[in-house]
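Reading the structure
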Amino acid sequence: MNIKENIHDLKEKIAQHKCTLVAVSKTKPIEDILEAYDAGQIDFGENKVQEMLDKYEQLPHDIRWHLIGHLQTNKVKYIAPFVSLIHSADSLKLLKEIDKQAGKNGRIIDCLLQIHIAKEESKFGFSEEELIDLLAGKELENLKNVRIIGLMGMATFTDNTEIIRSEFNHLKKFFDYASNEYKMPNITMYELSMGMSGDFEIALEEGSTMIRVGSKIFGER
Ligand SMILES: *Cc1c(COP(=O)(O)O)cnc(C)c1O
């Protein structure tokens, strides 16, 4: 794997889209991350709190850390001082804890609401109905230390590109609807995090603003 080349190739591919590349470095060593960093990559994604914390401590502090995996309420405190964006906000309880820990750190933490769009049963993420209820309700407004800046979704794990495309297309339409309909001081949705190594090209065509790419940069895990 030539990490630098992979970063440059991906940056070229997303150049004509208004899109951020999040390099998913989970399970990969510090040296690999530094190689990507030296190629100008600043946004990195991790799915485990402890691993992100270890890497944060060892790496340059201008790196923007994205939490992309399920976050347990009792672990928010470890990443609250530095996390840049939480892609996987999947319950009101979690959002309340993020708000509390952000406040303790004198920060406002940006979050995406995770929505499940895939056919397969998923343990995490809101359904569309749940999301509408949350956005229409009063509780989010009180979370002054949380900013909801968009949505995150994952397509069904399949080789069938038609299914993937239709799921991304559907998510984008829902995103456009929800971001227009629900605006509050701390809810301004402009980021749509969708697309991974296997499907980011489709995601870009369907309007992704953030792709989360791991194995295409760092090799298989
Ligand atoms: C691991 C992971 C990715 C990256 O997966 P690749 O297929 O290696 O690009 C993206 N998003 C989430 C939520 C992940 O857990």
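This report concerns the structure included in the present document. (Residues numbered from 1 in each chain as written. Predicted model: local features only at pLDDT ≥ 70, side-chain atom pairs only at ≥ 80, totals over all residues. Heavy atoms only, no water.)

The next thing to look at is the site of the ligand. Taken together, the residues surrounding the ligand are Val24, Lys26, Ile68, Met154, Met196, Ser197, Arg212, Val213, Gly214, Ser215 and Arg221. One of the side-chain N or O atoms of arginine 212 is found 2.9 Å from a nitrogen atom in the ligand. Contacts to the ligand include serine 215, whose backbone N or O atom sits 2.8 Å from an oxygen atom. A total of 390 Å² of accessible area belongs to the ligand in isolation, and the protein chains cover 89% of it. Grouping the amino acids of the shell around the ligand by side-chain chemistry returns five nonpolar, three polar and three charged. (Near = heavy atom within 4 Å. Polar contact = N/O pair within 3.5 Å; in protein donor to acceptor, adjacent residues only side chain to side chain. Areas by Shrake-Rupley, 256 points an atom, 1.4 Å probe, with all protein chains shown as cover. Nonpolar A, V, L, I, M, F, W, Y, C, P; charged D, E, K, R; others polar.)

For strand β5 (residues 109–116), the tally of buried residues reaches seven of eight residues, placing the bulk of the element in the interior. Here strand β4 (residues 85–89) runs beside β5; their pairing, made up of three bridges, is parallel. When the bridges of β5 are listed, isoleucine 86 appears paired with cysteine 111. After leaving β4, the chain enters helix α5 (residues 92–104) and then returns to the sheet as β5, a path that is right-handed. Strand direction decides the pairing type here: β5 and strand β6 (residues 146–154), joined by eight bridges, are parallel. Bridge pairing links leucine 112 to glycine 150 in β6. (Buried < 20%, exposed > 50% of the residue type's maximum accessible area, 1.4 Å probe, protein only. Helix = DSSP H or I, 4+ residues; strand = E, 2+ residues; numbered from the N terminus. Pairing = 2+ DSSP bridges. Right-handed = clockwise from strand over helix to strand, strands pointing away.)

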